[in-house]
Structure formats: C-alpha cells, structure tokens
Amino acid sequence: MSISVFNLFKLGIGPSSSHTVGPMLAAHRFLSSVRAQHALADVGAIEIDLYGSLSATGKGHGTDGAVVAGLMGFLPETVDPECIRTNVERCVAEGRLLLADHHCVEFIWARDCRWHDGSLPFHPNGVTFTARRQTGALLYQQTYYSVGGGFVVDQHEADLGSGHEEHIELPYDFATAHQLLALTQAQRLSIAELMMANERMWRKEVDIREGLMAIWGSMRDCIEMGLHHQGVLPGGLNVKRRAMLFHKSLLRSTPKNVISTSMSAMDWVNLYALAVNEENAGGGRVVTAPTNGAAGIIPAVLMYFMEYSQEVGEQQVIDFLLTAAAIGILCKKNASISGAEVGCQGEVGSACAMAAAGLCAVLGGTPEQVENAAEIGLEHNLGLTCDPIGGLVQVPCIERNAIAAVKAINAAQLGLRGNGEHFVSLDKVIRTMRDTGRDMQDKYKETSTGGLAVHTVEC
C-alpha cells in the first residue's frame, strides 16, 4: 500500500479517527456502493452491526451517530459537527433515516443499530452494513474495518491484505527506516525532499505545498478554537475544559514572546496540546495526526517551533510535516496506529515519534539524527495502554497528548546532541511496538474494560 502524507494528515471531526471518522467513511462507502448499483430506491431498511472495540466504546465515541451521518451522505472533512447532532436527533425522534439526503427509510435506533460483544477476525474495529428490500430480502451487505487514523478497508480488501488506497509506484519507496536512510544517503536527499519526490506521484508540487499549509492552518485553527471554548465536555464524566483559563493565566504570567525559562516554554506546549484535544473530545474539527486521539502532539510541537525559533516560514512547516509523515508511514506499515489494535503506544507513541522527527529535521538534524529522535520518542511510549474512562477520549487522553508533546521535544534535543548512532534502531522499536500490542490483553486496547477505565469511580 502506498501511503501519502495526506492519508496521515486528514481533516475530520472528533472525538476519534478510528471510532468516528473511520465509521462515517465506511458508511459513506457503503452508501456509494448501493448507489453505484442504482439500488438506492430499492432500499427498504438499513441495519448496522458494530463489533469489538467499536461496540465496546462506540457510544462514548459517538460511533452510532457517525455511521448514521455517513449514511445520510455526510463526510468527516466537510460536515459541520453541529449538523450531525441535529440530524441524528431528528432521526432518533422520527424513526426515519434519509439516505444520501434523498431516500427515506424507517430506522428504529434500538432495533437497527446493534452492539456485539465479540470481534470480527480481521480487526477489532468492525462494522457490517445491511440493506434490505421492502420485502425484507437482502439487497446488499458489506463489512468494513476502521483500522486507525481514519483508514478504512472492506472485507474484500481485508481478505486480500490490501488497503483502499490505490497502489502507486513511488520513485523512493521504503518499507523500513533502514531503507529510508539508505535512500537519503544514496540520493543525497533529506527525508523531506525524498517524501516530496514521492508525493509528486499523486499531485503537483504546488498542490502539495498548498495542501500541507492548509493542514497546518487547520491545526492552528483547532488550537485557537480550543483556547476560546470553555464549559464541560460531553459524555457524562463532567470533565471541564481547561485550555481557556490556562491560556489567560499564561498571558498574565509568562507571555509567549518572552521565554525566561524552559519551564515557561513547556507551559505553552502543554497548552497547545490540551487545546487541540479538548476540541477533539468535544466533537470539534481536528486533523488526524496520525489519529484523533493523538491529534494534539504534532500541532503543539510545530507551534512551539514556529513561535520560538529564529528562522521560520512555509518551508519549515512543509519539511516538518513531510518528515513526520515518513515516520508515521513506517509505524503504520510495520505495526499499527490503532489504539484498538496495539494500545495507545500506536497512537500517542507514533505521534510522539513523528513530532520528534519533524522537529529534529527543521532544527538542522541529519536523516540519521532524525531517525534517532523518532526512535527515542517511540521507545519511551512502548507498552502504553489505551484505557479511556467511560470510553471517552478525555481521561487520560487529553493530558497524555501534552506529556507526549514535551517528550517529543526532548527526544529531538537528544537526537540533535548525538551523531545519529544509537544502540536500538527505529525499525526494532516499531517491531517491538507491534509485538507488544499483540501480547497486550484486549482490556487495555480501547475497550474500556481494564486499567483506568475500571479503577476510577465515575461521577
């Protein structure tokens, strides 16, 4: 599978790329398949069956609302989050579902959206859609898997071991960090330059640059929104947003253009990460980086660089994101970025490694130093479990992004202080993440049946 930077950084909505964005995309794909068969008018009923982690924590992640929104014809990159709430509430109240904003069918929420205890064989995040005729006869059925970061594969693709993305022959294809470093040495290219050459197989360079700057603009917008929203996050835990008051406190005590200590800089990094992940937890618009649950790390670190470095501009943003994406590609290809598959090490760990690599690169690091920084960032998140309280991307997820953002900066600094030589390679750490995830009990992989999720008294 060929993975583009724009596969990893996608505009979506909260609170989860695997439990909200992916299911919505899956539902939209199912609807498109029905329409392609010119069979939409023949649909008399729709059934939704959610399995594994989608079932275990789907209510907290709004998975049921997301799939219904996808069946209505909405897409995560363009839908207004408020529009989802309004339409879902109408669907529940009226017992009717308007497919593709065109064809109306009866839909009784408690009957037609079903939650199953077990998982399907391919992946913990499985959903099956069934369209029936007015007579009740089967019209069309398909199973989809939300495999993390908004990536979706159907059952046929899963059986073939392929993804939905088109395979592109890349000039500098790589499957391991070792291959990536060998290519940079042989071609005398930076990781960002190599990634740019690969991206040109999908689109023109001017479009790549505009797209990446738009991604950065969306990340900044998300930070800004998080700094101005207050109140209690939805879901029943009564978790209060902190970013706005935190921001006001920092403006009074440590203006961000005056850095007296490294501690004050760390305060701002923490703030940016909290702002993004509170927006995500509130169902706002975020950029998968590489997932929603880890969406605050890369924006916080890049904002830190943009505000506190001497030489900043469009090229640095592009180089940061391209370098980060190279590490994300390695994590996805050789392990996983899905919390339901390998725990939070696959989400926050991957994002930490990506941010560390991006920062190291724009601070002048060699490809070897960048690989070292990524290895440090990922190594020290190994074994990190995904045990959200109440199935909500709030506790410990929001603070976890702040901690990992600071950790990414530290990893970049350590990488820059060395010469690129180190004892454990990034490839070995990624394989360790994969194996650790395989050995990790399911109760620690986004099911909310272990860890903090059961050892915390809910209000």
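Calculation criteria
- Residues numbered from 1 in each chain as written.
- Predicted model: local features only at pLDDT ≥ 70, side-chain atom pairs only at ≥ 80, totals over all residues.
- Heavy atoms only, no water.
- Core = buried A, V, L, I, M, F, W, Y, C linked by side-chain atoms within 4.5 Å.
- Buried < 20%, exposed > 50% of the residue type's maximum accessible area, 1.4 Å probe, protein only.
- Helix = DSSP H or I, 4+ residues; strand = E, 2+ residues; numbered from the N terminus.
- Contact = heavy atoms within 4.5 Å.
- Phe/Tyr/Trp six-rings, centres within 6.5 Å; stacked < 30°, edge-to-face > 60°.
- Lys NZ or Arg CZ within 6 Å of the ring centre and 35° of its normal.
- Salt bridge = Lys/Arg side-chain N within 4 Å of Asp/Glu carboxyl O.

Visitor: So what exactly am I meant to see when it comes to the nonpolar core here?
Guide: Generally speaking, soluble globular proteins have nonpolar side chains that are buried together. One finds Phe 9, Phe 174, Met 219, Ile 298, Leu 321, Ile 327 and Leu 359 to be the most contacted residues of the largest nonpolar core, which totals 107 residues. Looking at which element gives the most residues to this core, the answer is helix H15 (residues 314–334), with twelve residues. In this structure Met 219 touches Phe 9, Val 287, Ala 289, Ile 298, Pro 299 and Leu 321, once residues within four positions along its chain are discounted. Of all hydrophobic cores here, the second largest spans 38 residues; its members include Ala 27, Ile 46, Ala 131 and Tyr 140.

Visitor: Looking at this structure, I do not really get helix H2 (residues 17–36). What am I missing?
Guide: An α-helical turn contains 3.6 residues, so any two residues separated by three or four positions project in the same direction. When you tally the buried positions in H2, you get 15 out of 20 residues, the bulk of the element. Of the residues one or two after H2, His 38 is the one with positive phi, at around 55°.

Visitor: I would appreciate a short explanation of the packing of aromatic side chains in the present structure.
Guide: The geometry of an aromatic ring pair is captured by the separation of the ring centres together with the interplanar angle, meaning the angle of the planes. Taken as a whole and judged by the stated rule, the model has seven aromatic pairs. Following the ring pairs from residue to residue traces out a cluster consisting of Phe 30, Phe 129, Tyr 140 and Tyr 144. The side chain of Lys 59 reaches across the aromatic face of Trp 115, ending 5.3 Å from its centre. In this arrangement the basic side chain of Lys 332 is found over the ring face of Phe 151, its NZ or CZ atom lying 4.1 Å from the centre.

Visitor: So what exactly am I meant to see when it comes to the environment of Leu 97 here?
Guide: The residue Leu 97 is located in strand E3 (residues 96–99) in this model. By relative accessible area, Leu 97 is classed as buried at 0%. With 54 residues separating them in the primary sequence, Leu 97 and Phe 151 have C-alpha atoms 25 Å apart. Among residues more than four places away in sequence, those in contact with Leu 97 are Val 68, Leu 71, Met 72, Cys 91, His 103, Cys 104, Val 105 and Phe 107.

Visitor: Just to check I follow, could you spell out the pattern of salt bridges for this structure?
Guide: Pairing is possible between side chains that carry opposite charge, provided their charged atoms lie close to one another. With the rule as written, the count across this model stands at 18 salt bridges. Note that Arg 29 and Asp 154 form a salt bridge whose closest N and O atoms lie 3.2 Å from each other. Placement of Arg 29 in helix H2 and of Asp 154 in strand E8 (residues 151–154) is noted, with a sequence separation of 125 residues between them. Side by side, Arg 29 and Asp 154 carry an identical accessibility label, which is buried. A salt bridge links Glu 205 to Arg 200; the nearest nitrogen and oxygen atoms lie 2.8 Å apart. In this structure Glu 205 comes out as partly exposed when scored by relative accessible area, which is 29%. According to the relative accessible area criterion, Arg 200 is partly exposed, its value standing at 41%.

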